[in-house]
Amino acid sequence: MKLSLTSLVGALCLSLSLGTVGRADPVLVELFTSQGCSSCPPADQLMEELAQREDVIALALHVDYWDYIGWKDEFADPAYTKRQKRYAHEGGRKMIYTPQMIVNGQEDVVGARSMELADLIARHRAAPAKAKLQAQRMGDRLVIEAQSVDGWAAPCEVQLVRYIPHQNTHITRGENAGKSLDYVNIVTDIQVIGQWDGRAPLSLEIEMTGDLPAVVMIQKPGPGQMMAAVKVE
């Protein structure tokens, strides 16, 4: 569903079984979606498959710009709409749309086009790793360590993402009225918790409370290229 343009509907075709190649760290896939978007359920369903993969970190960010057409997305946050707009600006795109997937902060694909997504994931898996990243929870503390690969140096943000693993929603109004839909890895918060330029090894310890799982991401500002991402064990 494009903003101010024709809606995009992708046929769900799951063929994402890829062997482990290249880099050892997972590829981060961000889905920009909305409960008020009739084109989004196939992409939301595809996220369920991505969430099971060891070589992918899949996160769903619900945007708020379709709330006006009859159903207010319970997970929507203007901050995620802003993040999507910033991705568009960094990538030289003049529009935002749902469902849209951003792969490693660099390339976008219509969210339900599984074959194109599989190709993008494979390319990013084959690319050299940029950083070695580890994050471990110890009680209410989170310990993060990272080291650049091949000695690169560039300003980066260390971000902490919290998410809900799964929730079902019965939608009573709007384009998806009458449907009961499953959502996975629903982002509830993104915080910048530190800065790192890659020159010296990173060592960071912060407080992290609550039961929600988390992802640590190291990303160039913009948002830009994803240097590394890891789930918190």
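Our structure is the block above this text.
The following paragraphs examine the structure supplied in this document. (Residues numbered from 1 in each chain as written. Predicted model: local features only at pLDDT ≥ 70, side-chain atom pairs only at ≥ 80, totals over all residues. Heavy atoms only, no water.)

Right, let's talk about the overall build of the protein for a bit. Along its length, the protein carries three helices and eleven strands. Tracing the protein from N to C terminus, the helices and strands come up as β-α-β-α-β-β-α-β-β-β-β-β-β-β. Partitioning the contacts of the protein with sequence separation of at least 6, the portion at a separation of at least 24 is 71%. Approximately 10,700 Å² of the protein is accessible, and the part contributed by carbon and sulfur atoms is 49%. (Helix = DSSP H or I, 4+ residues; strand = E, 2+ residues; numbered from the N terminus. Contact = heavy atoms within 4.5 Å. Areas by Shrake-Rupley, 256 points an atom, 1.4 Å probe, with all protein chains shown as cover.)

If you add up the space inside the second largest pocket, you get close to 230 Å³. Around the second largest pocket, the lining comprises 13 residues; the ones closest to its centre are Ala-79, Arg-83, Arg-86, Gln-159 and Ile-190. Where the lining of the second largest pocket is concerned, the elements lending two or more residues are helix H2 (78-91), strand S7 (156-170) and strand S8 (180-196). The element contributing the most residues to the lining of the second largest pocket is H2, with five residues. (1 Å grid on protein atoms, 1.4 Å probe; cavity = no way out; pocket = protein on both sides within 12 Å on 5 of 7 lines; lining within 4 Å. Points joined across faces, edges and corners; volume = space filled by probe spheres on them.)

Bringing helix H3 (residues 114-126) into the picture now. For H3, which comprises 13 residues, the first-to-last C-alpha distance of 18 Å matches the rise-based estimate of 18 Å (1.5 Å per residue) to within 8%. Buried within H3 we find Ser-114, Leu-117, Ala-118, Leu-120, Ile-121, His-124 and Arg-125. All buried residues of H3 fall inside an arc of 165 degrees around its axis, so they share one side. For H3, the secondary structure elements touched by its buried residues are strand S1 (27-33), helix H1 (41-50), strand S2 (56-62), strand S3 (100-103) and strand S4 (107-110). (Expected span 1.5 Å × (residues − 1). Buried < 20%, exposed > 50% of the residue type's maximum accessible area, 1.4 Å probe, protein only. Arc of directions from axis to C-beta.)

Now for the sheet that holds strand S9 (residues 202-207). Overall, antiparallel pairing links the three strands, which are arranged S5-S6-S9 in an open sheet. The strands lining the two open edges of the sheet, one partner per strand, are strand S5 (131-138) and S9. Each strand of the sheet is rotated relative to its neighbour by a mean of 15 degrees, with strand direction disregarded. Where strand S6 (residues 141-148) meets S9, six bridges bridge the pair, whose relative direction is antiparallel. Within the sheet, the bridge partner assigned to Leu-142 lies in S9 and is Ile-206. (Pairing = 2+ DSSP bridges. Axes fitted to C-alpha atoms, helices over the stretch in contact; angles between N-to-C directions.)

Inspection of every chain in the model, using the stated rule, returns eight salt bridges. Ionic pairing is found between Lys-72 and Asp-67, a salt bridge with its closest N-O pair at 3.7 Å. For Lys-72, a relative accessible area of 62% translates into the label exposed. Residue classification places Asp-67 among the buried positions, given a relative accessible area of 15%. Among the salt bridges present, the one from Glu-116 reaches Arg-113, with a minimum N-O distance of 3.8 Å. Arg-113 sits in the partly exposed class, given a relative accessible area of 37%. (Salt bridge = Lys/Arg side-chain N within 4 Å of Asp/Glu carboxyl O.)

The end-to-end C-alpha distance of H2, which contains 14 residues, comes to 20 Å, matching closely the 20 Å that a straight helix rising 1.5 Å per residue would cover. Residues of H2 that are buried: Tyr-80, Thr-81, Arg-83, Gln-84, Tyr-87 and Ala-88. Angular distribution of buried residues about the axis of H2 spans 160 degrees; they occupy a single face of the element. In H2, those exposed residues whose orientation departs by more than 90 degrees from the buried face are Lys-82 and His-89. Its side-chain oxygen placed 2.8 Å from the backbone nitrogen of Ala-79, Asp-77 serves as the N-cap of H2. Directly beyond the C-terminal end of H2, a positive phi value near 75 degrees is found at Gly-92. (Polar contact = N/O pair within 3.5 Å; in protein donor to acceptor, adjacent residues only side chain to side chain.)

Attention now goes to unusual backbone geometry. Following Thr-98, the chain continues to Pro-99 via a peptide bond in cis, the omega torsion being -5 degrees. Take Pro-99: it is sitting in the loop between H2 and S3. Residue Pro-223 is bonded to the preceding Gly-222 through a cis peptide linkage, with omega at 5 degrees. Here Pro-223 shows up in the loop between strand S10 (214-219) and strand S11 (226-231). Located in the positive-phi region is Asn-104, a residue other than glycine, with phi close to 50 degrees.

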